Each structure stands twice: as structure tokens, then as C-alpha cells.
Protein chains: 2
Amino acid sequence: MTPLEEQGKAAKLAARSLACAGTGAKNAALNAIAQALRNHTGEILTANSRDLAAAAEGGMSESMQDRLRLTPERIAAMAEGVEQVAALPDPVGAAVSETVRPNGLRISRRRVPLGVIGMIYEARPNVTVDAAALCLKAGNAVILRGGREAFRSNQALTEIMRRAIAATGLDENAVSLVQDTSRDSARELMHLTAYLDVLIPRGGRGLIRAVAASATVPVIRTGEGVCHTYVDDSADLAMACDIAYNAKCSRPSVCNAMECLLVHRGVAGRFLPMVKARLDEKAVELRGDERVQEILGSCVVPAAEEDWDTEYGDYILAVKVVDSLDEAIDFCNAHGTGHSEAIVTDSYARAQRFLNEVDAAAVYVNASTRFTDGGEFGLGAEIGISTQKLHARGPMGLGELTSTKFVVCGNGQVR
Amino acid sequence: MTPLEEQGKAAKLAARSLACAGTGAKNAALNAIAQALRNHTGEILTANSRDLAAAAEGGMSESMQDRLRLTPERIAAMAEGVEQVAALPDPVGAAVSETVRPNGLRISRRRVPLGVIGMIYEARPNVTVDAAALCLKAGNAVILRGGREAFRSNQALTEIMRRAIAATGLDENAVSLVQDTSRDSARELMHLTAYLDVLIPRGGRGLIRAVAASATVPVIRTGEGVCHTYVDDSADLAMACDIAYNAKCSRPSVCNAMECLLVHRGVAGRFLPMVKARLDEKAVELRGDERVQEILGSCVVPAAEEDWDTEYGDYILAVKVVDSLDEAIDFCNAHGTGHSEAIVTDSYARAQRFLNEVDAAAVYVNASTRFTDGGEFGLGAEIGISTQKLHARGPMGLGELTSTKFVVCGNGQVR
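Owing to the predicted nature of the structure, the values given are computational and were not obtained by experimental measurement.

So, how was this worked out
- Sequence positions are assigned chain by chain, starting from 1 and proceeding in written order.
- A letter from A marks each chain and a number from 1 marks each ligand, given out in the order of writing.
- Residues qualify for local features only when their pLDDT is at least 70, as the model is predicted, and side-chain atom pairs are given and counted only at 80 or more; totals for whole chains, interfaces and linings, by contrast, use all residues.
- Working from all heavy atoms in the structure, the side-chain values ignore hydrogens and water.
- Numbered from the N terminus, helices here are DSSP runs of H or I no shorter than four residues, and strands are runs of E no shorter than two.
- The globule rule used here is 2.2 Å times the number of residues to the 0.38 power, and the radius of gyration it is set against is calculated over C-alpha atoms.
- For each residue, the accessible area found with a 1.4 Å probe, counting protein chains only, is set against the maximum for its type, and the residue is called buried under 20%, exposed over 50%, and partly exposed in between.
- Surface accessibility follows the Shrake-Rupley procedure with a 1.4 Å probe radius. Residue values consider only the protein chains on display as shielding.
- Positive: Lys, Arg. Negative: Asp, Glu. His and the chain ends are not part of the count.
- Note on charges: their place is set at NZ of Lys, CZ of Arg, CG of Asp or CD of Glu.
- Only strands joined by at least two bridges in the DSSP assignment are considered to pair.
- Residue contacts are counted whenever heavy atoms from the two residues lie within 4.5 Å of one another.
- Defined in terms of a 1.4 Å probe, buried area is the accessible area two parts forfeit on being brought together, summed over both.
- Each reported salt bridge corresponds to a side-chain nitrogen of Lys or Arg within 4 Å of a carboxyl oxygen of Asp or Glu.
- Polar contact is defined as a pair of N or O atoms within 3.5 Å, subject to the rule that within protein one atom must be able to donate a hydrogen and the other to accept it, and that residues adjacent in sequence are counted only when both atoms are side-chain atoms.
- Asp, Glu, Lys and Arg are counted as charged, while Ala, Val, Leu, Ile, Met, Phe, Trp, Tyr, Cys and Pro are counted as nonpolar; the rest, among them Gly, fall into the polar class.
- Least-squares superposition of the copies uses the C-alpha atoms of those residues scoring a pLDDT of at least 70 in each of them.
- Ring pairs are drawn from Phe, Tyr and Trp, using the six-membered ring of Trp, whenever the two centres fall within 6.5 Å, and their geometry is named by plane angle: stacked under 30 degrees, edge-to-face over 60, tilted for the rest.
- Any Lys NZ or Arg CZ found within 6 Å of a ring centre and within 35 degrees of that ring's normal is scored as a charge over the ring.
- Fitting a line to C-alpha atoms yields each axis, with helices limited to the stretch in contact; the angle taken between N-to-C directions then spans 0 to 180 degrees.
- In what follows, roughly perpendicular refers to angles from 65 to 115 degrees, roughly parallel to angles under 35, roughly antiparallel to angles over 145, and oblique to any angle outside these ranges.
- In a helix, the anticipated span is given by 1.5 Å times the number of residues less one.
- What the arc covers is the set of directions going from the helix axis to the C-beta atoms.
- Cysteine sulfur atoms are paired as a disulfide whenever they fall within 2.5 Å.
- Crossing handedness: left-handed means the near helix sits turned counterclockwise from the far one by under a right angle, and right-handed means the same turn made clockwise.

**What about the overall build of chain A?**
When its secondary structure is counted, chain A shows 14 helices and 16 strands. Relative to the 2.2 N^0.38 estimate, which gives 22 Å for 415 residues, the radius of gyration of chain A is 24 Å and therefore close to what a compact globule would have. Dimensions along the principal axes, computed over C-alpha positions, put chain A at roughly 70 × 70 × 35 Å. In chain A, which comprises 415 residues, the proportion classed as buried is 56%. Accessible surface, chain A as shown: approximately 15,300 Å² in total, 48% of it carbon and sulfur. Counting 44 positive and 52 negative side-chain charges, chain A places the averaged centre of each group 7 Å from the other.

This is the structure we're talking about:
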């Protein structure tokens, strides 16, 4: 057995006991984790400072270093996040449905944990704690495979969590970190079908596509967001302006931010100057098609073909004038990543058509795509935003970290 | 574009219109299909007889030829099956949940079709019609890739269905058959991520494992069944005998049939001779461990290690004496395929432990595993039985052929 297979086997054993652990036991472990993170802040900061020193030496960009950096405040926020997860309702055990068949069999479909979840992620060490807390609350064991740059931080965090879990009487192998951060270990994890029930990659487009393309363990794709806002010719243009500004500028680096604005030709002449004035506040670069260039002039960068498929994650916006609702819907379906798509309109019929015909995890009328988020949707915390249709779609809360099981009670029935 | 990419593109377009088709339109298409199958029985039988002639020439076994064979009765049964699907409730459109957030956003999670479903299956042409009907009812387009041996039958069936669909005004590309039955086409289908939302393999273990191992399109694994029945020392032995006989003998070739009988040592001396007498009626071959051999004598074939992991699909049964409930649970979890597992017991506590701790799609107390079936579970028809935990687990009905979508209605909300 390889070290990773050993780790998988231990996680599978832990998952079995965790599946039968009560809500009280799981919450006690979570609260112990939160307390331990606070108590061991110094230890975590020391490990993190080593990661940061290596990163600075290796020439990591300042913004990446900021993602990697932990502070007493950030650690306190992580601990608080764990306590919030403890306070959420336990999804495990509830009957999704129950029926008694004509032959007397009582068939109940119950929510059960998924089992062992693998997480592959990049530089942010807070994912280590967030993911562990959510997986544990839903009764799953988790195998964490964080980025090389954050290894010392992740190791300190994981060790603290494991000790806290063991101290409350649960199996510490409920949470474990892959010790080898080479590409080989990621590849092995993607094929660990004997022990892993699902693999969730969290990070950039490159990581997620690579995992989806080569994993044989079932994968949930998360977080790729090329989101559109379509301003219809019946839209309240002041509202459209607020929504577009918010969707682009409130936090451009996240996956639910708008990357492309579509404007109906009937209002393009009025709306584009309005929205440009607003986006100028943040010096947003506009990349437009010919009609946008005609209206706004030389301040618009001519859009290249690839602009329609790019997740900028920055103060850059692709802009296009469309002739009709149909063109807008087709464009969203052709260039969107199935994340979040919005229409601004006062037409009931067009709103309905957009909501029905655009194929995405979240479709909006008259609101900013920035709301696609587990907290904003009322799911509590989230482990990611699924952009696939299988198993989970959109923000994934605790419920999405479970499966179901048919429990059949009889008194001698045969067929 | 390859022919399969063209087919995928057409299916994706059809899926979009189908997603917006009403229940009435879909039912009309299904009823037209049923009528067309009846009207064109002769055409179907002619195509099937060519497949059968080629199969006989190629030396196909008699039992495989029987799976391939269509008769007027079988075609009538297929048509009736399609009408039954038409009569089932439409899963699309229903709100799974709906909430109004403090900021006034109304967020509804609605059931929507998956999109385009790929089916890879083997020799039975009835799968062509069953799968098409279920996919269509749930608003999905389907690309069918049946076995080479049944190609002419599948082509006749598909053409008849496509004409019937078109005649009712829906897009005939809702159902299409892959025209190339080489391994290359299966491989291409497994990687058609631009057009396929999910791939469902139906057939033998080899097919399913091969698809799961190499597909990059999300796969739902179905139908592998190494199912156990555990007879506890508190069991009503007459009931246990009936259940074991039924689970093994009522239809040994199906995936919910029992392959391995576990007996508590406390009742093995009494129970094994009883159940053997019953299984002798069907001349079931017993492959037992040492303790079983001691009790039943030389009529028992000594079980080899691989017997504990074999899906016989035949009148053969692996039998083992265990020392405890714990050993039985561990054995089911180690050797089962996560399909269906049963305990026969009169102990409330042990029944609860078995139901909670055995990790399978369906767990039973005091009933035969043969009930794991969409019809028996009250789901209507089924497209297969999932043995994975992601998306769907156990018998998959129309609901499992859908995804969800968050529909968010606002009046200008920004974040």
C-alpha cells in the first residue's frame, strides 16, 4: 500500500464511525476545533510565516502572498466560521421520503454522508479549515490536498484539528492532509476510487479543468464563472446601471462577478454612456464589439474572439450590443460557464423566457449575479459553487455533502 | 466537426427546446411513439431478424440471442412501457424549495432537465425504447449507443421514434442513435464534454468499469450487484429460509439477486441444512468456507478468495459462517458493491445497527433484496440502479434524470 492508500483506508474507517456519530458529538468536535485554533494561534502564525518567507524568496506575487497570509484576525475568523458550521442544522438522518408499499414494505429514503471526500485546492490555507468543518458536520471524512506554497500552514492547521477531534472522542482520521505536495500525489488522489467517494477541486480554472479531465473518482466542478448581465430594452436603466456596476465592481476577483455585459440595441445609445460613466469610477477597461465602439468611441478596446470566453477576475468588462432577447439567450448559453446569468427587464414575458431558457446554476431577473453564494442563498456556509448539473448545482451547503440510502423494513416479504 | 459532434450539437439544441416543452407536448410524443411501435411491428421484426441471423452466424450463445430477440409480444410490451412513462408525473418545473431573503430576493430552486444524456449499453434492444421514453419525459435529449449486435434493431426503433416525435412537433433530435458501433465511437462519446451532461452505462461489469475508468463526461455507475443476506442468530429461520431462497432463485441473473449468504455461527448448524434443502429445488451450487463445509459436508464446493467478490448471476451461492454482527457488517462493507444488503433478525438493536452501518444503496431488514427496483420502490419506471453515492443512489426514476436551477427574482438588489 502507498502512503496515500493507507491514508485513504484510515479515512474510510473514520467515515464509517463518523456516519453513526450523533449531532452532539460532531458539534463538540467542531467547537473543540474552534477553541484549539484560538489557543494555538502562535503555532499557526509561525508555520505560516515560514510559508510566507519561502513564497517571498520564490518570487510569489504580492496578491498571492496576501491570499497565503494568516493573521490573528484571520485565524479568529476561521474559528468563528467553524462555530457557525456547528450551529447549522445537521443534514444527516432526515428522511427525504417515506412510503409504505402495498405489500407492507416500509421504504424510507434517508440522508446519509457521502463517505470520504477529497479536496484539491491552491494557496489559501483557510480552505483547510472551512472544508474540514463542513465535511465533518455532514458526517464525512476528508482528505485535504492543499497547495505546496501553504504546506506548513496547512500541516499546522490539520494537526491542531486532528488533536481537537481526537480529544472529543471521534476518530482523528476524519481529517487528514496529504503529506506529499508533488503533482504525483494529486494524480494518485484523482484515481483513489477504492477510498474516495468524491473529489472537489477548488481554485483556478486550470486546476479544475485538469482534475475534471483526468480524475476517475467522481468530481464536482466548482467555481468557473463567466457571468453575463443582459440589459433589455424595457429595462429601468438606472436600475440596470446599479446592477451592472455592482456585478462588475463589488469584488471582481470572485466567480459570481460579471464578465460580460449584453445590451439591447434599442437602449444601447442611452445606456452605454450611463454605465460607462459609472464604471469609470473604478477605471474598468471596456472591451466592446463594433457597435459598442461606435457608441462609446476610442476609449473602448476592440474585443477579440477570446474576450467572450474569458473570466477576467479583474476590472475588465466585455460588452456587446445584441439585436434581441433570443440573441442574448443564445449568447449566454454559448459563452457562459453555467454559473450565474442575469436579465434586467420590465417585461414579464421576457423575464420568464430568460429564466427558463438560460441554462445556468442561477438565473436572475433584476438583481446582481453577485448574490450566488451559500450565505446569501440562505444555505449557511458553502463548500463551493457547482457549475455542473450532476448531484449539486450552484452553491453547495451541507445538504450537498450528503447522499441518500433506501432503508427497507419488512416482515418476511419475498418477490 | 466529427459526425458525433454534429449529433451532440443537434441533441443540445433539441434539449433546449425540450426543456421548455410542456408536459402535454411530451406526453403526446410518448403516446405517438407507443402507437408507432405497434404500427411498425413488422419493420422492427425484419430488422431484428437480420441482427439475429448475423448473431447466429457469429456463434452468439442461445441466452444472448434470447436477449437480442424481439417478438410481437415484446414490442407490444415496449409500447405499453412507453405509455406507462407518459402516465407518470412530470418531474420538471416543480420548486424543490423557495425562500424570500431578508433583502427581498425570492429564491426558488426548480427542477430542470439534466440536458443531454448519453447511454452506452449492450445487446438488449428494449433499452433503446425504455431509455428514450424516460429521458424524453424528464425533458432530456438522449444519444443512444447500443451494442453492435443489435444495431439494425436499434436503428429501426430509433427511426420510428424520431418520426413519431417529429410528427407531434417536437425536435426529433431529442432521440438519436450513434451510427458507428466501433469502440472508437464509445470512446469519443465518453469524452464529449461539450455536449453531454451525463453518461449512463447499462450492461455488464466490464462495460460499466471501462466507462467509469475512462470517461471525462460525468458518469452514473449502475447495476453491479454483489448482494448479501445475513441470517442473525435471533432470526425466524423459516422466514430466513424463504427470504434466502427468493433472493437467490427468483431471478438469479439480475443485479439485486443474492450472491452471498452469511449465517451467524449460533444458528448455522440448524439453518444451513434447512436452506440447503430449499436451494436444492433449483440445484443451487453452494461454495462455502470451512465451517459451512463441516456442517453440510462434501456437497459444498470450497470457496476460493474470489468467490467473495463474484457476481455469479447464476444458481451459485457463496456461503459463510460469521461469529458476530460486526463481522457480518464488515464483510458486507468489504465485499459488497454497495447495491442491496439484508439482515434477517428479530433483534431491534441489531437491525438498527445493520441498517445504519452497512453502506449500500438499499439496506433491508427481514425482506428479500430482490425488491430493489424502481417499480417495487414506487418510483414508476427506472433507468437503472445507481451504485454510486453522487447524484443518485439506488433505483433511478424520472426525478434522478433531472437537475435543479436557482431562479432568483429581484427588484434591483445589489450586494
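**Here's the deal with the sheet that holds strand S13 (residues 362-367) of chain B**
Spatial ordering of the open sheet is given by S1(A)-S2(A)-S16(A)-S13(B)-S12(B)-S7(B)-S8(B)-S11(B)-S9(B)-S10(B), a layout of 10 strands whose pairing is mixed. Two strands in the sheet have a free side with no partner beyond their single neighbour: strand S1 (95-100) of chain A together with strand S10 (301-302) of chain B. Summarising the sheet, strand S8 (residues 258-264) of chain B and strand S11 (residues 316-322) of chain B pair through 5 bridges and their orientation is parallel. Paired with His 264 of chain B across the bridge in S11 of chain B is Val 322 of chain B.

**Topic: the pairing of strand S3 (residues 116-121) of chain B**
Residues and elements named next belong to chain B. Counting buried residues along S3, 6 of its 6 residues qualify, which places the element largely inside the surrounding structure. Alternating residues of S3 divide into Val 116, Gly 118 and Ile 120 and Ile 117, Met 119 and Tyr 121, and every residue in both groups is buried. As defined by bridge partners, S3 adjoins strand S4 (residues 141-145) across 5 bridges and the pair is classed as parallel. When the bridges of S4 are listed, Ile 120 appears paired with Arg 145.

**Quick look at the interface of chain B and chain A**
Between chain B and chain A, the residue contacts involve 69 residues of the former and 70 residues of the latter. Counting each side, the surface lost to burial between chain B and chain A is near 5,700 Å², with a carbon and sulfur contribution of 52%. Of all residues in chain B, Leu 390, Phe 406 and Arg 415 of chain B bury the most surface against chain A, accounting for 15% of the area lost on that side. Connecting chain B to chain A are 10 salt bridges. Salt-bridge contacts for Asp 330 of chain B lead to Arg 16 of chain A; the nearest nitrogen and oxygen are separated by 2.4 Å. Linking chain B to chain A there are 45 residue pairs in polar contact (both at pLDDT 80 or more). Contributions of two or more residues to the side of chain B that touches chain A are made by strand S2 (106-113), helix H9 (205-214), helix H10 (237-249), helix H13 (325-335), helix H14 (348-357), S13, strand S15 (394-396) and strand S16 (402-413) of chain B. Of the residues forming the side of chain B that touches chain A, the biggest block, 11 residues, is contributed by S16 of chain B. Residues belonging to the side of chain B that touches chain A are distributed by class as follows: 33 nonpolar, 20 polar and 16 charged.

**Here we look at the relation of the copies chain B and chain A**
Of the two same-sequence chains, chain B is brought onto chain A (RMSD 0.0 Å, axial shift 0.0 Å) by a rotation of 180°. A rotation of that kind, with that shift, is consistent with a two-fold axis. Relative to the rotation axis, the closest C-alpha in chain B is found at His 391 of chain B, a distance of 1.7 Å. Counting the interface residues of chain B, we find that 100% of their copies in chain A are interface residues as well, pointing to one common contact surface.

**Here's the deal with the packing of aromatic side chains**
What the rule picks out here adds up to 4 aromatic pairs over all chains. Note on Phe 377 of chain A and Phe 406 of chain B: the rings are 4.9 Å apart at their centroids and 50° apart in plane angle, and the pair reads as tilted. Taken as a pair, Phe 377 of chain A in the loop between strand S13 (362-367) and strand S14 (384-386) and Phe 406 of chain B in strand S16 lie in two separate chains rather than in one. Residues Phe 377 of chain A and Phe 406 of chain B agree in their burial class; the two are buried. Between Arg 278 of chain B and the ring centre of Tyr 245 of chain B, over which it is positioned, the NZ or CZ distance is 4.5 Å.

**A closer look at the sheet that holds strand S7 (residues 227-231) of chain A**
Within the open sheet, the 10 strands sit side by side as S10(A)-S9(A)-S11(A)-S8(A)-S7(A)-S12(A)-S13(A)-S16(B)-S2(B)-S1(B). Their pairing is mixed. A strand with exactly one partner marks an edge of an open sheet, and here the two such strands are strand S10 (301-302) of chain A together with strand S1 (95-100) of chain B.

**Considerations on the environment of Cys 241 of chain B**
Residues and elements named next belong to chain B. With respect to the element layout, Cys 241 can be found in helix H10. When the C-alpha atoms of Cys 241 and Ala 277 are compared, they prove to be 9.7 Å apart, with 36 residues separating the residues in sequence. With sequence-adjacent residues up to four places away left out, Cys 241 is seen in contact with Phe 271, Met 274, Val 275 and Arg 278.

**Overview of the packing of helix H2 (residues 23-39) of chain A against helix H5 (residues 72-87) of chain A**
All names here are of chain A. Here H2 crosses H5 at 170°, and the two axes come no closer than 9 Å. By the angle between their directions, the pair H2 and H5 is classed as roughly antiparallel. Taken together, the residues of H5 that come into contact with H2 (itself represented by Asn 27, Leu 30, Asn 31, Ile 33, Ala 34, Leu 37 and Arg 38) are Ile 75, Ala 79, Glu 80, Val 82, Glu 83, Val 85 and Ala 86. Tallied by class, residues from the contact of H2 with H5 come to 9 nonpolar, 2 polar and 3 charged.

**Considerations on the pattern of salt bridges**
Within this structure, the stated rule accounts for 66 salt bridges over all chains. Taking the shortest distance from any N to any O, the salt bridge between Asp 359 of chain B and Arg 393 of chain B comes out at 3.0 Å. Of this pair, Asp 359 of chain B sits in the loop between H14 and S13 while Arg 393 of chain B is found in the loop between strand S14 (384-386) and S15, placing the two residues 34 residues apart along the sequence. Classification of Asp 359 of chain B as partly exposed rests on a relative accessible area of 37%. Three or more residues are tied together by salt bridges with common partners; here these are Arg 16 of chain A together with Asp 326, Asp 330, Arg 353 and Glu 357 of chain B.

**A look at the environment of Gly 338 of chain B**
Residues and elements named next belong to chain B. Mapped onto the elements of the fold, Gly 338 is located in the loop between H13 and strand S12 (340-344). Overall, the relative accessible area of 12% leaves Gly 338 in the buried class. Separated by 231 residues in the primary sequence, Gly 338 and Ile 107 place their C-alpha atoms 36 Å from one another. Once residues lying within four places of it in the same chain are set aside, the contact partners of Gly 338 are Asp 359, Ala 360, Ala 361 and Thr 387.

**Brief notes about helix H3 (residues 41-57) of chain A**
All names here are of chain A. Between its first and last C-alpha atoms H3 spans 24 Å; for 17 residues at 1.5 Å apiece the expected length is 24 Å, and the two agree. For H3, the set of buried residues is Thr 41, Ile 44, Ala 47, Asn 48, Asp 51, Leu 52 and Ala 55. Around the axis of H3, the buried residues are gathered within 145° of arc, so they sit on the same side. Tucked into the core, H3 has its buried residues touching H2, helix H4 (62-68), H5 and helix H7 (151-167). Downstream of H3 by one or two residues, Gly 59 has phi in the positive range, about 80°.

**Quick notes on unusual backbone geometry**
Residues and elements named next belong to chain A. At Asn 366, a position not held by glycine, the phi torsion is positive, near 55°. Assignment of secondary structure puts Asn 366 in strand S13. What makes Asn 366 buried here is its relative accessible area of 10%. In this structure, His 391 is a non-glycine residue whose phi angle is positive, near 75°. Of note, His 391 is situated in the loop between S14 and strand S15 (394-396).

**Here's the deal with the side chain of His 391 of chain A**
A distance of 2.9 Å separates a polar side-chain atom of His 391 of chain A from the backbone oxygen of Glu 400 of chain A. Excluding its chain neighbours within four sequence positions, the residues that come into contact with His 391 of chain A are Leu 114, Ile 220, Glu 400 and Thr 402 of chain A together with Lys 389, Leu 390 and His 391 of chain B.

**Some thoughts on the state of the cysteines**
All names here are of chain A. By the definition in use, this model includes 0 disulfides over all chains. No disulfide involves Cys 241; its nearest neighbouring cysteine sulfur is the one of Cys 249, lying 10 Å away. Overall, Cys 241 belongs to the buried group, its relative accessible area being 6%. Taking the relative accessible area as the measure of exposure, Cys 249 reaches 4% and is therefore buried.

**Structural notes on the packing of H3 of chain A against H7 of chain A**
Residue and element names in this part refer to chain A. Two elements in contact, H3 and H7, have axes whose closest approach is 7 Å; the angle formed by their N-to-C orientations is 160°. When the axis of H3 is compared with that of H7, the two are roughly antiparallel. As for how H3 packs across H7, the hand of that crossing is right-handed. On the side of H3, the interface is formed by Glu 43, Ile 44, Ala 47, Asn 48, Arg 50, Asp 51 and Ala 54, while H7 contributes Phe 151, Arg 152, Ser 153, Ala 156, Leu 157, Ile 160 and Arg 163. Looking at the contact of H3 with H7, its residues break down into 7 nonpolar, 2 polar and 5 charged.

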